[in-house]
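Chain residues, written in single-letter form:
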Amino acid sequence: MSHQSKLSDKSTRFTESVIRGMTQLCLRYNAINLSQGTPAYQPPDVVKAAAIEAIQEGYNQYSITWGAPDFREAIAHKMTTFNHIPTDAAANITVTCGSTEGMLSALLAIINPGDEVIIFEPFYENYGPDTIISGAKPVYVALNETQSVDGVMRFTYDTTELRNAFSTNTKAIIINTPNNPLGKVFTQEELEQIADLCCEYDCIAVTDEIYEHMIYDDKSHISIGSLPQMQDRTITVSGLSKTYSMTGWRLGYVVAPEVLTNAIRKMHDFLTVGAPHPLQRAGIAALNLPPSYYQELVEKYDKNRKRLVNTLRAAGFRCHPPEAAYYIMTDISDFGFPDDTAFAHWLVKEIGVGGVPGSSFYSRPHLGKTKFRFMFSMADDVLIEAGERLMKIKSKI
Ligand code: PLP
């Protein structure tokens, strides 16, 4: 029997994650892995203790499928006060297995075959498979580098290109702010423009805000769902993975108007039943951490950001500090490699450092051919060692 012929069309339309592939390559060559966005840090002790306590106290069976009530209360409070989206724990929240599942459940809840979804590129690699699995037709809008202001990298879209991407078939637009891989923070003006188009074309904003607490230089996060005209047409996806360094806990959530939430909860229920119950209990302790936790988080990441930008520039990469998140998108044209993938393999094998080929963030791979992403959620000594290795590039090419 040909097993190949038994595969679904959908399963053949996307490849395995390029980023996880780079991680495997780093393991094979014992390279420092600056590719995958896994935090190098541990969750706070008080949160780990709360998880152990929850298991001892007996929270070991399914929670309510859309989330433990007290965890949803804590999320509702955070959404209302931090994101400025009035949120009712009973009506508007679905707790999911990471924001990854949240995004997919959200799209499965709203997409009919052939519906178009607008995606800014470069994009977080999951959105490609998400559209294929949900049956949406992606329409891409480029984020272009603009003049850097105060030495910080800025990106924006062409307003005509964005307007032209909307049509009567548009069901949704995916926004990722702060953005991975660019570290772009969407401005109030950009979000207002997007909101106006969503209202004009009667479509939904699905927004991934997983890096909402990692913004530098006193900039602040704006949720498109907080704009009054968007309150009944926004699905906000976020989670605890990055902010509390707990990517293995798989805690995410989706906040949406009640009718949309009911549909999202159905998708979520039949995909996963629910997120881990004892960890949801510990998630309450995470969401109750004092403001100083978030300040220290930003200070720690800002130090890494400055260190890695300086290192990369000294090693011959062209780059600017990102506005947010923990990635730096660089330009590798000066090294003279045929493309980003060839560079990625060479860097792991010859230099001992892993990053992500820029093309994997684009629907049109040639747009990312001279780009390369590094992440900086790493311990100081690892970043220093990576820096020493990267300084050898020039002598080896
Ligand atoms: N969204 C973005 C933009 C990401 O960069 C990542 C992880 O790298 C995720 C979502 C995944 O988050 P989670 O662990 O909550 O599934």
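Residues numbered from 1 in each chain as written. Predicted model: local features only at pLDDT ≥ 70, side-chain atom pairs only at ≥ 80, totals over all residues. Heavy atoms only, no water.

Caption draft 1: Main features of the sheet that holds strand S10 (residues 251-255). Reading across the sheet, the seven strands line up as S2-S10-S9-S8-S7-S3-S4 and stay open at both edges, with mixed pairing between neighbours. The open sheet has two edge strands with one neighbour each: strand S2 (93-97) and strand S4 (137-142). Averaged over neighbouring strand pairs, the angle between their axes works out to 20 degrees when direction is ignored. Where strand S3 (residues 116-121) meets S4, six bridges bridge the pair, whose relative direction is parallel. Each bridged residue has a counterpart across the sheet, and for Glu121 the counterpart in S4 is Ala142. (Pairing = 2+ DSSP bridges. Helix = DSSP H or I, 4+ residues; strand = E, 2+ residues; numbered from the N terminus. Axes fitted to C-alpha atoms, helices over the stretch in contact; angles between N-to-C directions.)

Caption draft 2: Fine view of the packing of aromatic side chains. Under the definition given, this model contains 22 aromatic pairs. Members of the aromatic cluster, each reached through a chain of ring pairs, are Phe317, Phe335, Phe337, Phe343, Trp346, Phe372 and Phe374. Stacked on the ring of Tyr41, the Lys or Arg Lys300 has its end atom at 3.9 Å from the ring centre. (Phe/Tyr/Trp six-rings, centres within 6.5 Å; stacked < 30°, edge-to-face > 60°. Lys NZ or Arg CZ within 6 Å of the ring centre and 35° of its normal.)

Caption draft 3: Expanded view of the domain arrangement of the chain. Looking at the assigned domains, one finds that the chain contains domain 1 (4-43 + 292-396) and domain 2 (61-287). When each unit is reduced to the centre of its C-alpha atoms, the spacing between domain 1 and domain 2 is 24 Å. Facing 37 residues of domain 1, the contacting portion of domain 2 comprises 39 residues. Interface area, domain 1 with domain 2, both sides summed: about 3500 Å², of which 58% is carbon and sulfur. Our count for the contact surface shared by domain 1 and domain 2 stands at three salt bridges. Across the pair Glu121 and Arg364 runs a salt bridge whose closest N-O atoms are separated by 2.4 Å. The tally of links between domain 1 and domain 2 comes to 20 residue pairs in polar contact (both at pLDDT 80 or more). Only helix H2 (18-29), helix H11 (291-315) and strand S11 (327-331) provide two or more residues apiece to the side of domain 1 that touches domain 2. With eight residues, the top contributor of residues to the side of domain 1 that touches domain 2 is H11. (Domains from an automatic or database assignment. Contact = heavy atoms within 4.5 Å. Buried area = accessible area lost by both parts, 1.4 Å probe. Salt bridge = Lys/Arg side-chain N within 4 Å of Asp/Glu carboxyl O. Polar contact = N/O pair within 3.5 Å; in protein donor to acceptor, adjacent residues only side chain to side chain.)

Caption draft 4: Expanded view of the side chain of Ser134. For Ser134, the position within the fold is in helix H6 (residues 127-134). Within the structure, the side chain of Ser134 is placed 2.8 Å from the backbone oxygen of Asp130, a separation counted as a polar contact. Side-chain polar atoms of Ser134 contact the backbone oxygen of Thr131, separated by 3.3 Å.

Caption draft 5: Representation of the packing of helix H5 (residues 98-110) against H6 in the model. Interhelical geometry of H5 versus H6 gives an angle of 35 degrees and a closest axis separation of 9 Å. For the pair H5 and H6, the crossing hand works out as right-handed. In this structure, H5 contributes Met103, Leu104, Leu107 and Leu108 to the contact, and H6 contributes Tyr127, Asp130, Ile133 and Ser134. Here the residues of the contact of H5 with H6 are counted per class, giving six nonpolar, one polar and one charged. (Left-handed = near helix turned anticlockwise from the far one by under 90°. Nonpolar A, V, L, I, M, F, W, Y, C, P; charged D, E, K, R; others polar.)

Caption draft 6: Quick peek at the site of the ligand. Neighbouring the ligand are 14 residues, the closest being Ser99, Thr100, Asp208, Tyr211 and Ser241. Between an oxygen atom of the ligand and a side-chain N or O atom of Arg250, the distance comes to 2.7 Å. Here the ligand loses 92% of its free accessible area of 410 Å² to cover by the protein chains. Among the elements that line the shell around the ligand, the one with the most residues is H5, at three residues. For the shell around the ligand, the class distribution of residues is five nonpolar, six polar and three charged. (Near = heavy atom within 4 Å. Areas by Shrake-Rupley, 256 points an atom, 1.4 Å probe, with all protein chains shown as cover.)

Caption draft 7: Expanded view of the sheet that holds S11. Spatial strand order, S11-S14-S13: three strands in an open sheet with antiparallel pairing. In the strand order of this sheet, the two ends are held by S11 and strand S13 (356-357), each with one partner. Sheet analysis places S11 next to strand S14 (residues 371-375), joined by five bridges and oriented antiparallel. Across the sheet, residue Tyr327 finds its bridge partner in S14, namely Met375. Relative to the sheet, H11 contacts S11 and S14, its axis offset from that of S11 by approximately 15 degrees.

Caption draft 8: Structural context of helix H3 (residues 45-57). With 13 residues, H3 extends 18 Å between its outermost C-alpha atoms, agreeing within 8% with the 18 Å of an ideal straight helix rising 1.5 Å per residue. For H3, the full list of buried residues reads Val47, Ala50, Ala51 and Ala54. Summarising the axial view, the buried residues of H3 lie within an arc of 100 degrees, below the 170-degree limit, and thus occupy one face. Facing away from the buried side of H3 by more than 90 degrees, the exposed set consists of Asp45, Ile52 and Gln56. (Expected span 1.5 Å × (residues − 1). Buried < 20%, exposed > 50% of the residue type's maximum accessible area, 1.4 Å probe, protein only. Arc of directions from axis to C-beta.)

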